[in-house]
Amino acid sequence: MIIIKEATFIKSAQTMDQVLADDRSEVAFIGRSNVGKSSLINALTNRKGLAKSSSTPGKTRLINFFDIKFKKDEEDFNARLVDLPGFGYARVSKSMKHEWQRNLTQFIKERASIRLFVHLVDSRHPDLEIDKEVSSYIHEICRPDQKILVLFTKADKLKQKDISVLKKIYPNCMMVSSSNGKGIQKAIDSIFYSLFGFNDG
Ligand SMILES: Nc1nc2c(ncn2[C@@H]2O[C@H](COP(=O)(O)OP(=O)(O)O)[C@@H](O)[C@H]2O)c(=O)[nH]1
Ligand SMILES: [Mg+2]
């Protein structure tokens, strides 16, 4: 079993010169405001207040860094979770062309240590234009040493028939719920194997 045994908030970078040195394997979380990013980071790390979750979208903080330690078979593996608030929003909104949004795009494109992009999509609204744009963007910039994982959030809100419909359209989709824990262990495993390259399964 793989667990995240340590998780520490390191800092929120407001400007690009505040970002951490890229010295560990990183997981970049991308998704529109309110999709459940902070809640998922808390669920994955099993730390309730680690990432601040709220129903009001926070747009001031730019990039949040959390250092984590996985444990598998008595061995420790260091990694970092990078929360990118409002990334998708920044990309598609014409009215938001501030410099930091260009910087954010540049960060995502040029950050050497990102090994995995986790794109969060609300399972109740899987076909939003903003998510299509984000998806095509990350596929466009994704390097050979990087992977992309799509997680459908808030699975607890779906009825059985909604789940069947989603699975028909996205046969291998991973659904998670930070509320009831569904899919969380699978997501941890998937993130771990993407970062550290063991054979999955
Ligand atoms: N039912 C349900 N609600 C969730 C889940 N994850 C997050 N939420 C709620 O959705 C809202 C936004 O969550 P948050 O994690 O702050 O989203 P963020 O803006 O993407 O960081 C909050 O009111 C959460 O309580 C989930 O798995 N199930
Ligand atoms: Mg958040």
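Treat the numbers as computed from the prediction; the structure is a model and nothing was measured.

1. Considering the nonpolar core
Of all hydrophobic cores here, the largest spans 31 residues; its most connected members are Phe29, Leu44, Phe70, Val118, Leu151 and Ile191. The set of elements that each furnish at least two residues to this core consists of β1 (2-13), β2 (26-30), α1 (37-45), β3 (63-72), β4 (75-83), β5 (114-122), β6 (147-153) and α6 (184-196). The element contributing the most residues to this core is α6, with seven residues. Discounting chain neighbours no more than four positions away, the residues touching Ile191 are Val27, Phe29, Leu44, Phe70, Leu116, Val118 and Leu149.

2. Here we look at the packing of aromatic side chains
Applying the stated criterion to the full structure yields nine aromatic pairs. Ring geometry for Phe192 and Tyr193: centres 5.6 Å apart, planes at 80 degrees, overall edge-to-face. Pair check on accessibility: Phe192 and Tyr193 agree, each one buried. Geometrically, the ring pair formed by Phe192 and Phe196 is tilted, given 5.1 Å between the ring centres and 45 degrees between the ring planes. Highlighted residues: Phe192 and Phe196, both in helix α6, separated by four residues, approximately one helical turn. Taking the relative accessible area as the measure of exposure, Phe192 reaches 0% and is therefore buried.

3. Points about the packing of α1 against α6
In the contact formed by α1 and α6, the axes pass within 9 Å of each other and the chain directions differ by 85 degrees. The angle between α1 and α6 places the two elements in the roughly perpendicular class. Of the residues in α6, those in contact with Leu40, Ala43 and Leu44 of α1 are Ile184, Ala187, Ile188 and Ile191.

4. Focus on the side chain of Ser177
Inspection of the secondary structure puts Ser177 in the loop between β7 (174-175) and α6. One polar contact links Ser177 to Asp156, side chain to side chain, over a distance of 2.7 Å. Filtering out sequence-adjacent residues up to four positions away, Ser177 remains in contact with Ala155, Asp156, Lys182 and Ile184.

5. Describing the site of ligand 1
Taken together, 17 residues sit near ligand 1, with Asn34, Lys37, Ser39, Asp156 and Ser179 positioned nearest. Between ligand 1 and Lys37 there is a distance of 2.8 Å, counted from an oxygen atom to a backbone nitrogen or oxygen. Measuring from a nitrogen atom of ligand 1, one finds a side-chain N or O atom of Asp156 at 2.7 Å. The fraction of the free accessible surface of ligand 1 (580 Å²) that becomes covered by protein chains is 80%.

6. Overview of the pattern of salt bridges
Going through the model one piece at a time under the given rule, you end up with 13 salt bridges. Between Asp76 and Lys5 there is a salt bridge; the shortest N-O distance is 3.1 Å. Remark: Lys5 occurs in strand β1 and Asp76 occurs in strand β4; sequence separation between them is 71 residues. Residues Asp145 and Arg115 are paired through a salt bridge, measuring 3.1 Å at the closest nitrogen-oxygen approach. In this pair, Asp145 sits in the loop between α4 (129-141) and β6 while Arg115 sits in strand β5, placing the two residues 30 residues apart along the sequence. By sharing partners, the salt bridges in this structure join Asp23, Arg24, Glu26, Asp67, Arg80 and Arg111 into a single network.

So, how was this worked out
Residues numbered from 1 in each chain as written. Chains lettered and ligands numbered in written order. Predicted model: local features only at pLDDT ≥ 70, side-chain atom pairs only at ≥ 80, totals over all residues. Heavy atoms only, no water. Core = buried A, V, L, I, M, F, W, Y, C linked by side-chain atoms within 4.5 Å. Buried < 20%, exposed > 50% of the residue type's maximum accessible area, 1.4 Å probe, protein only. Helix = DSSP H or I, 4+ residues; strand = E, 2+ residues; numbered from the N terminus. Contact = heavy atoms within 4.5 Å. Phe/Tyr/Trp six-rings, centres within 6.5 Å; stacked < 30°, edge-to-face > 60°. Axes fitted to C-alpha atoms, helices over the stretch in contact; angles between N-to-C directions. Parallel < 35°, antiparallel > 145°, perpendicular 65-115°, else oblique. Polar contact = N/O pair within 3.5 Å; in protein donor to acceptor, adjacent residues only side chain to side chain. Near = heavy atom within 4 Å. Areas by Shrake-Rupley, 256 points an atom, 1.4 Å probe, with all protein chains shown as cover. Salt bridge = Lys/Arg side-chain N within 4 Å of Asp/Glu carboxyl O.

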